Amino acid sequence: MNSLESTITAAGAAACLWDAVVIGAGPAGALTARQLADGGRRVLLLDAKTFPREKVCGGCINEQALSALTNVGLRKVIADLPAFPIREYDLRLRGRSVRIASQGGIAVSRADLDTAVVCEAIHSGADLLLGTTGRLVPRAANDWSPTSGQATEFREVQLEAAGAPLARVRGRVVVIADGLVRKSLQQTSELPVCTAANSWIGLHAVYSADQDSCPPGQVRMLIGRHGYVGTVQFQNNTINLAAAVAPDALRRCGTAAVLISELFESAGVAVPGGLAELSWVGTGPLTRRSRSVAGHRVMVIGDAAGYVEPFTGEGVGQAMTSAVQLADILLNAELANESAMSAAWNTCYRRNVAGRQWMCRGLSLALHRPWVAELAFQMALMCPYIPQFIANRLNTPLAGAPAS
Ligand SMILES: Cc1cc2nc3c(=O)[nH]c(=O)nc-3n(C[C@H](O)[C@H](O)[C@H](O)COP(=O)(O)OP(=O)(O)OC[C@H]3O[C@@H](n4cnc5c(N)ncnc54)[C@H](O)[C@@H]3O)c2cc1C
């Protein structure tokens, strides 16, 4: 995929009052930007990285994500990408295997998918600023307009590149879609997030399928005492490996390759060759929750709003579904009525995203306790319709979920 160019400079962006400034061009931010621009709003989409960029992810895109794209006329984005349809999940624990048929979904490169959605945002009229970090300017600094005495009708975002300040941009709404780390909120105490004390962390690497027996169309999940590893082929001859592991186990093993080898061995699967030579990328703690996802002219979406470990592979689906819903709220709301927008987004998020994460939380609790995982696996062996039911449920699109 070709690299993307910014469509505007920081100085140019600072000269406008934007309807929305969207921080982060992952699936949550890029699709929100596309929807808002498609609805005629002036949108600035910015990302700290240049695109295409890699992302720690299993690359399994479920039916929830595909249906969100279809509903907004973007299914073609997927059709044009090299991808494998997912046929089955193969769960492994201590040498045993449970196979579950997949009800849909595809395996793709996140670099390709995310770049394609950003292209659609530009195509709909959003401006793009890459290689630029955005930080929300704390409210007290710009809240009151000296002339009217009213709360200001915009928020400011400080733009930075390579740690140096560039300019400030103003948006009537700022959408925070900057993923797990939420760097854009680090200078403000607004919208705090709570990280689960025992949260696992993510690991990611890519290697040649010659080193592994994972066939195209299969998602293989290896469950161990200190984490789990998912592997899937997402392009001809390339395997995407994504894992969630206990940080203390990683410290004990010293390197990601040693810990991942341990997880392969304990699941009874041959360790792929050359793990030590791969370039491993990690994340911070994965499981986090925020009490509120909307503040004064600020809306938080995607992983930045809250996340549960990736065992069920729902992240992109939730990011895309809620992007469409948030854009609907912002397009239908009177931009002057910021408290109505905030209330609508908080309600919508609680109902459609947080309300759906209970199953992922339950699975994640089980996976952190080896004896519960063992019990659940025994049940799955005896009654395969139970994991099949859960997989179907998680793959079901949020049909007609109301925005508010
Ligand atoms: C190990 C692992 C495996 C996973 N596997 C799957 C899977 O198979 N299927 C699935 O659906 N989900 C999976 N997920 C979850 C999925 O990756 C996320 O839920 C999804 O990427 C969330 O999208 P987002 O747009 O919220 O954030 P991101 O995709 O993280 O995008 C955030 C963007 O913001 C940018 N950014 C960050 N800070 C700033 C800043 N201050 N200013 C400007 N830009 C900034 C970043 O560069 C990035 O491009 C997995 C996650 C992990 C950790």
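A short tour of the structure in this document, coming up. The model shown is predicted, which means the values in this text are computed figures rather than measured ones. (Residues numbered from 1 in each chain as written. Predicted model: local features only at pLDDT ≥ 70, side-chain atom pairs only at ≥ 80, totals over all residues. Heavy atoms only, no water.)

1. With respect to the packing of aromatic side chains
Geometry of an aromatic ring pair is reported as the spacing of the ring centres plus the angle between the planes. Under the convention used in this document: Here a Phe, Tyr or Trp ring, Trp counted by its six-membered ring, pairs with any other such ring whose centre lies within 6.5 Å, and the pair is stacked when the planes are under 30 degrees apart, edge-to-face when over 60, and tilted otherwise. The helix count covers DSSP runs of H or I at least four residues long, the strand count covers runs of E at least two residues long, and both are numbered beginning at the N terminus. Relative accessibility thresholds used throughout: buried, under 20% of the residue-type maximum; exposed, over 50%; partly exposed, between the two (1.4 Å probe, protein chains only). Any Lys NZ or Arg CZ that is within 6 Å of a ring centre and within 35 degrees of that ring's normal is treated as a charge sitting over the ring.
Scanning the entire structure with this criterion turns up 2 aromatic pairs. With 5.9 Å between their ring centres and 50° between their planes, tryptophan 200 and tyrosine 228 make a pair best called tilted. Within this pair, whereas tryptophan 200 is found in the loop between β12 (193-195) and β13 (201-208), its partner tyrosine 228 is found in strand β15 (residues 227-235), the two being separated by 28 residues in sequence. For the pair formed by tryptophan 200 and tyrosine 228, the shared burial category is buried. The side chain of arginine 42 reaches across the aromatic face of tryptophan 18, ending 5.2 Å from its centre. Sitting over the ring of phenylalanine 154, arginine 170 keeps its end group 5.3 Å from the ring centre.

2. Concerning the environment of alanine 276
Residue placement: alanine 276 occurs in the loop between α7 (256-267) and β17 (281-285). Expressed as a C-alpha distance, the spacing of alanine 276 and valine 353, which sit 77 residues apart in the sequence, is 37 Å.

3. Concerning the sheet that holds β17
For clarity, the cut-off: Two strands qualify as a pair provided DSSP detects at least 2 bridges between them. To obtain an axis, a line is fitted to C-alpha atoms, over the contacting stretch when the element is a helix, and the angle between two such axes runs from 0 to 180 degrees between their N-to-C directions. Contacts are residue-level and defined by heavy atoms, with any inter-residue pair within 4.5 Å sufficient.
With respect to topology, 7 strands assemble into an open sheet ordered β6-β5-β14-β15-β16-β13-β17, the strand pairing being mixed. Looking at which strands have only one partner, the edges of the open sheet turn out to be β6 (96-101) and β17. Ignoring strand direction, the axes of neighbouring strands in this sheet form an average angle of 20°. Here helix α11 (residues 370-382) sits on the sheet in contact with β5 (88-93) and β6, set at roughly 60° to β6.

4. So, the sheet that holds strand β3 (residues 60-61)
Pairing is antiparallel in the open sheet, where 3 strands are placed in the order β3-β7-β4. Edge positions in the open sheet fall to β3 and β4 (84-85), since each of these has one partner strand only. Both β3 and strand β7 (residues 106-107) contribute to a ladder of 2 bridges, which runs antiparallel. When the sheet's bridge partners are listed, cysteine 60 is paired in β7 with alanine 107.

5. As for helix α10 (residues 358-367)
To keep it simple, the criterion reads: Directions pointing from the helix axis toward each C-beta atom define the arc.
Of all the positions in α10, only Met359, Cys360, Ser364, Ala366 and Leu367 are classed as buried. Buried residues of α10, seen end-on, are gathered within an arc of 160° and therefore sit on one face of the element. Among the structural elements, β14 (218-224), β15, α11 and α12 (385-395) are those in contact with the buried residues of α10.

Without other data, these values stay purely geometric and don't point to any function.
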